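Each chain, written out:
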Amino acid sequence: MQYVNDHLGKSAFCVYLWDNARGRFREEPQLFGNPQPDPTSKTIFTHDDYFGGVHTENTYIWSGAKLQVIATKGLGSGSSKPECGFTSFCSKLIAGKMQGVDKPTACGDGPIEEVPCPTSLRAPRLPAKAK
């Protein structure tokens, strides 16, 4: 453990993973925070809270000797629309590529809404027919 803030309920760890090829531990900066392993799904989950409700969640799997992010979602501060205070986002690894969706939220007096994660590849857009 590198840091703990009891008031915020937040702790951060420096994670080191064994590197067989080098015969020593190496730092894994992707897992900074409080990683939670799931032995059943063989994934590692991280959740990072920031001030003002902003947060990010990541899910990782092992790909050879490295970690690969397969999903990320959360709430970012600000948006492309000036009347919206946040951007809700979600990306998933689908058919070998990260597919993502983001949406301005908390617009005007509206609530913060989560964006649904993509579930399949988006269909390619076909060109409009010429008249």
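For the structure itself, look to the data block above.
Keep in mind the model is a prediction, meaning the values are calculated, not measured.

Chemist: So, the pairing of strand β6 (residues 43-49): which residues are in play, and what are the values?
Modeler: With 3 bridges connecting them, strand β5 (residues 36-38) and β6 associate as antiparallel partners. When the sheet's bridge partners are listed, D38 is paired in β6 with T43. What sits between the antiparallel neighbours β5 and β6 is a turn of 4 residues, in which K42 has the positive phi angle 55 degrees. Here β6 runs beside strand β7 (residues 55-63); their pairing, made up of 7 bridges, is antiparallel. In the sheet register, H47 faces β7, and the bridge partner there is E57. Counting the residues that bridge the hairpin from β6 to β7 gives 5 residues, and of these G52 lies at a positive phi of roughly 80 degrees.

Chemist: Provide a residue-level description of the pairing of strand β8 (residues 66-77), including the pertinent values.
Modeler: Of the strand pairs in this sheet, β7 and β8 are connected by 9 bridges, and their pairing is antiparallel. For T59, the partnering residue across the bridge sits in β8 and is A71. Across 7 bridges, β8 lies against strand β9 (residues 84-94) in antiparallel orientation. Directly across from A71, in β9, lies its bridge partner K92. Connecting the antiparallel pair β8 and β9 is a turn made up of 6 residues, with G78 showing a positive phi of about 85 degrees.

What counts and what doesn't
- Residues numbered from 1 in each chain as written.
- Predicted model: local features only at pLDDT ≥ 70, side-chain atom pairs only at ≥ 80, totals over all residues.
- Heavy atoms only, no water.
- Pairing = 2+ DSSP bridges.
- Helix = DSSP H or I, 4+ residues; strand = E, 2+ residues; numbered from the N terminus.

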